Protein chains: 4
Amino acid sequence: MNVAEMLSAYPRDLGDVDQATLTRCIEECLRCAQTCTACADACLSEDMVAEMVKCIRTDLDCADICETTARVLSRHTGYDANLTRAIVEACAQACASCADECEQHTKHSHCALCAQACRACERACRELLATLG
Amino acid sequence: MNVAEMLSAYPRDLGDVDQATLTRCIEECLRCAQTCTACADACLSEDMVAEMVKCIRTDLDCADICETTARVLSRHTGYDANLTRAIVEACAQACASCADECEQHTKHSHCALCAQACRACERACRELLATLG
Amino acid sequence: MNVAEMLSAYPRDLGDVDQATLTRCIEECLRCAQTCTACADACLSEDMVAEMVKCIRTDLDCADICETTARVLSRHTGYDANLTRAIVEACAQACASCADECEQHTKHSHCALCAQACRACERACRELLATLG
Amino acid sequence: MNVAEMLSAYPRDLGDVDQATLTRCIEECLRCAQTCTACADACLSEDMVAEMVKCIRTDLDCADICETTARVLSRHTGYDANLTRAIVEACAQACASCADECEQHTKHSHCALCAQACRACERACRELLATLG
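Only a predicted model underlies this, so the values are computations on that prediction, with no experimental measurement involved.

Cut-offs applied
- Residues numbered from 1 in each chain as written.
- Chains lettered and ligands numbered in written order.
- Predicted model: local features only at pLDDT ≥ 70, side-chain atom pairs only at ≥ 80, totals over all residues.
- Heavy atoms only, no water.
- Helix = DSSP H or I, 4+ residues; strand = E, 2+ residues; numbered from the N terminus.
- Rg over C-alpha atoms; globule rule 2.2 N^0.38 Å.
- Buried < 20%, exposed > 50% of the residue type's maximum accessible area, 1.4 Å probe, protein only.
- Least-squares fit on C-alpha atoms with pLDDT ≥ 70 in both.
- Contact = heavy atoms within 4.5 Å.
- Buried area = accessible area lost by both parts, 1.4 Å probe.
- Salt bridge = Lys/Arg side-chain N within 4 Å of Asp/Glu carboxyl O.
- Lys, Arg positive; Asp, Glu negative; His and termini not counted.
- Polar contact = N/O pair within 3.5 Å; in protein donor to acceptor, adjacent residues only side chain to side chain.
- Expected span 1.5 Å × (residues − 1).

Caption draft 1: Geometry of the overall build of chain A. Across its full length, chain A holds five helices and zero strands. Reading the secondary structure of chain A in the N-to-C direction produces α-α-α-α-α. Relative to the globule expectation of 14 Å for 133 residues, the C-alpha radius of gyration of chain A, 16 Å, shows essentially globular dimensions. When its C-alpha atoms are laid out on the principal axes, chain A stretches across 50 × 25 × 20 Å. A buried classification covers 68% of the 133 residues belonging to chain A.

In structure tokens form, the structure reads like this:
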């Protein structure tokens, strides 16, 4: 990924954001989004798909919210602290919900990987929120 | 749009959600998302684009968050109240931020239309939040 | 929706695009995207979810492609005919694939509605392509 | 990213797709999408934003199309060759258009990085298309 490079290439002052924390949060959002999209699809192909229905739904929500959060965090022009805080909080919540669900299905390696990605992304969101004041 | 028809076609019980309020919120999210995407592009074509920079950025964020909110609200399987509340709150905040910005540029008819769409969507989100308890 | 109003509010010349055809295509893309998102979720809640697996997958693809197409078509600044044509062709194909699939499940009213939305969007894409030369 | 791990975790046969080529294409789409989102925002903050207007627009389109392509390619259930081919072709075209534009602004390091990401993604799409037959 080019997340850190693009942050360095931004032509104006980034304010007092912690760049390492921001970079990690964007990267975890992107990783979590792709993992959730792939996990929803892998769940769809399980023999016992009826048991995976809630997991598929939470994966889809989490993928959408993580992608949107990565986009918002990749923009620095005209920064709005209230908007940023609200979407990062929603992302932490979506990741927590999806991790809770995937952790019940860790016999499937895609759910085990997805639970890890969700927990890492939830943590990165909470670390970023702590720096936003 | 088919929002109400698809809600009626859902094969299971929708719980005690207010279907009219939910339908209106999804419709306003979709309208706001498209209006913000078009407003960002119209701002880009204004002669004084340098004055529209913050407006373009807020439009882009608001479009992304409204689309994601419409998706989450269009799903009913394995409903998660915490996740739903968090994304609808983020959406209300994004719409408020974008309306605040567009209201400063109502000499441009695209910003006037966008401010209205954002306020309507913010209101629909807050009405839905009130029913979520 | 505000599609036609936002097209009228665009501050520069729109070139020789047929505005009515463009408006209808954007509207059908948005309607199809929301219908497909809701159909995927309704399929997930069917008792015989195992029979709906391919339908869910095609719905998800079609929703993503229709949303992206609506976004591209809502932008007029720096128009690129090759890019526009390529995404509208992909959208027509995604709608055709999803309609083919949903038409096999019209006993479910959500699939019947979705097949109609997909066919209408496919048609609107092909009509727009015909005007793009 | 977890792209290769999630591909290995898929519970069914992946058909005769070349997994290394598919993995690289998904990774390049995700990298290109984030780079384009950040490049559009960096362009917005340039002093000479009026010169960057077409670049911003192409970045936005390319980000949307790359994200959607990464999603479609992350799904394997109910594979549809026509749909996959159409979206990967649209992605190659969007990346080519965006690279052409960013290559005119390589004095800005964000455009130089973005042009590279677009060319790499275009190449990965064409390599995947060659394996799809």
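Caption draft 2: Focus on the relation of the copies chain D and chain A. Once chain D is rotated about the relating axis by 180° and shifted along it by 0.0 Å, it coincides with chain A to within an RMSD of 0.0 Å. Put plainly, the chains are arranged around a two-fold axis. Closest approach to the rotation axis among the C-alpha atoms of chain D is made by D:Leu30, whose C-alpha sits 3.8 Å away.

Caption draft 3: Looking closely at the interface of chain B and chain C. Facing 35 residues of chain B, the contacting portion of chain C comprises 35 residues. Carbon and sulfur atoms make up 55% of the area that chain B and chain C hide from each other, which totals about 3,300 Å². In terms of surface lost to chain C, no three residues of chain B exceed B:Met6, B:Gln34 and B:Arg71, which account for 19% of the buried area on that side. Here chain B is connected to chain C by six salt bridges.

Caption draft 4: View of the side chain of D:Asp80. Along the chain, D:Asp80 falls in the loop between helix H3 (53-73) and helix H4 (81-102). Of the side chains with opposite charge, C:Lys54 comes closest to the buried, unpaired D:Asp80, at an N-O distance of 4.7 Å. Only 3.1 Å separates the side chain of D:Asp80 from the backbone nitrogen of D:Asn82, close enough to count as a polar contact.

Caption draft 5: Layout of helix H3 (residues 53-73) of chain B. Taking 1.5 Å as the rise per residue, H3(B) with 21 residues should run 30 Å; its terminal C-alpha atoms sit 30 Å apart, in good agreement. Burial analysis of H3(B) places 20 of its 21 residues in the buried class, which makes it a mostly covered element.

Caption draft 6: Highlighting the side chain of A:Ser97. Following the sequence through the fold, A:Ser97 ends up in helix H4 (residues 81-102). Among the polar contacts made by the side chain of A:Ser97, one reaches the side chain of B:Asp80 at a distance of 2.9 Å. Apart from the residues within four sequence positions on either side, A:Ser97 is in contact with A:Thr58, B:Asp80 and B:Leu83.

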